[in-house]
Amino acid sequence: MTDTSTLRVLEPARGVFAYYDGRVPGARLHSIAENWLDDGAYSLGIASYAIVEGSEAIVFDSHISLDHARAVRQHLEGRGVTRFTLVLSHWHDDHVAGNAIFADGPIIANRLTRDALAANRDKLENGDPPIRPLVLPTEIFDEELALAVGGRSVKAMHFDIHSADGVVLHVPDAGILLAGDVVEDTVTYISEADFTPTHIAELNRLATLPVRSILPAHGAAERIAAGGYDGGLIAANRSYLMRLLAGEGRDGAPLSRFVADDVEAGRIGYFEPYEAVHRANLKALAAVGL
């Protein structure tokens with residue numbers, strides 16, 4: 001059993017719910033030993049989302065454990081939802097751990113997500129904590145997929161940011177972008193360093209979408225609850241990557257100083273655990289000669 005007592009249900013917009021857990025000082029859910037759940041998702045804070053219309057819901061990511069996914073489903077069922085469609089933002093463990101709870105409905109993902117989950121199945125099912133059973137997507141798409149929840153249109157879109165298989169959900173009627181891991185607050189986590197120039201180009205493309213509210217998987221609960229971030233979040237993440245590629249940050253200055261202008265402008269906040277992410281990003285880029 002995974003403790004869900006710190007899970008918070010937020011409602012950043014009409015019919016949009018965020019299931020937020022983490023950023024709880026001193027708390028750990030799985031183990032005192034280093035593990036992907038406590039030292040990644042939970043320490044940085046993570047939200048999965050649901051778009052609800054009547055008896056239907058599109059759930060975006062299945063959270064960090066079966067128990068978290070179960071709590072999401074129970075909340076939605078309590079609101080009268082009987083039909084669930086799960087859409088995956090990408091293949092990383094903290095976004096797919098609860099897939100089994102939604103296995104009685106369609107599980108939609110980018111083709112690259114399906115392929116990555118299949119290729120990494122043994123690693124995921126035997127990780128710490130294990131994701132078992134790992135349920136694979138039942139439906140796949142390539143670049144875009146039109147969805148509907150009730151009478152509301154939603155578009156799933158592929159962006160090669162953070163991970164080659166990145167997917168966002170665009171809700172046109174509200175100007176909302178459910179962003180997964182393509183942007184983060186405080187800074188993006190570089191998981192595929194070789195492709196950082198591609199990620200920057202794709203952030204430029206992302207910035208052209210007509211959105212008023214950005215709801216990331218990893219951000220501040222208070223900002224999400226208040227309606228999310230504006231386009232400044234994309235600009236801050238893009239600027240961060242561009243500056244790293246230009247050689248900035250190698251002097252060992254802390255992240256707090258590196259992002260001070262963006263924090264002062266309100267584009268992002270500062271969350272101290274991202275100092276470790278920043279150090280890891282610098283090492284990842286150096287390892288591939290960028």
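Parameters and conventions
Residue indices begin from 1 for each chain and proceed along its sequence in written order. With pLDDT at 70 or above as the cut-off, local features in this predicted model cover only qualifying residues; side-chain atom pairs require 80 or more to be listed or tallied, and sums for whole chains, interfaces and linings still use all residues. Each side-chain value is derived from all of the structure's non-hydrogen atoms; neither hydrogens nor water enter the calculation. Burial here depends on accessible area, computed with a 1.4 Å probe over protein chains only, as a share of the maximum for the residue type. Under 20% is buried, over 50% is exposed, and the range in between is partly exposed. Only runs of H or I of at least four residues qualify as helices and only runs of E of at least two qualify as strands under DSSP, and these elements are numbered from the N terminus. A pair of strands is treated as paired once DSSP finds two or more bridges between them. For cavity detection a 1 Å grid was placed over the protein atoms alone, and a set of points counts as a cavity when a 1.4 Å probe fits there but cannot get out; an open set counts as a pocket when protein lies on both sides within 12 Å along at least five of seven lines, with lining residues being those that have an atom within 4 Å of a point. Grid points are joined across faces, edges and corners, and a volume is the space filled by probe spheres set on the points. When residue character is reported, Ala, Val, Leu, Ile, Met, Phe, Trp, Tyr, Cys and Pro are called nonpolar, Asp, Glu, Lys and Arg charged, and the others, Gly included, polar. As used in this structure description, the phrase polar contact means that two N or O atoms lie within 3.5 Å; if the pair is within protein, one of them must be able to donate a hydrogen and the other to accept it, and residues adjacent in sequence are counted only when both atoms belong to side chains. What makes two residues a contact is simply this: any of their non-hydrogen atoms within 4.5 Å.

**Examining the pairing of strand β2 (residues 16–21)**
By the criterion of burial, β2 is predominantly enclosed, with six of the six residues buried. Of the two faces of β2, the one holding Val16, Ala18 and Tyr20 and the one holding Phe17, Tyr19 and Asp21 are both buried throughout. When strand β1 (residues 8–13) meets β2, the two strands line up antiparallel, connected through four bridges. Looking at β2, one finds that Arg8 is bridged to Tyr20. Adjacent in sequence and paired antiparallel, β1 and β2 are bridged by two residues, among which Gly15 carries a positive phi angle near 70 degrees.

**Observations regarding empty space enclosed by the protein**
One water molecule sets the probe size; rolling that probe over the atoms shows where empty space is left. A full pass over the atoms with the stated rule returns two cavities of 30 Å³ or more. Of the volumes computed, that of the largest cavity is approximately 40 Å³. Forming the walls of the largest cavity are Thr186, Val187, Ala236, Asn237, Tyr240, Arg243, Phe258, Val259, Asp262 and Ile268. In terms of residue count, helix α8 (residues 232–245) provides more of the lining of the largest cavity than any other element does, four residues in total. For the lining of the largest cavity, a count of residues per class yields six nonpolar, two polar and two charged. Quantified by volume, the second largest cavity comes out at close to 30 Å³.

**Overview of the side chain of Thr186**
In this fold, Thr186 is placed in the loop between β11 (176–180) and α6 (196–206). Relative accessible area serves as the criterion here: at 2%, Thr186 is assigned to the buried category. Within polar-contact distance, the side chain of Thr186 engages the backbone nitrogen of Phe271 at 3.0 Å. If sequence neighbours within four positions are ignored, Thr186 has contacts with Arg23, Leu255, Val259, Ile268, Gly269, Tyr270, Phe271 and Tyr274.

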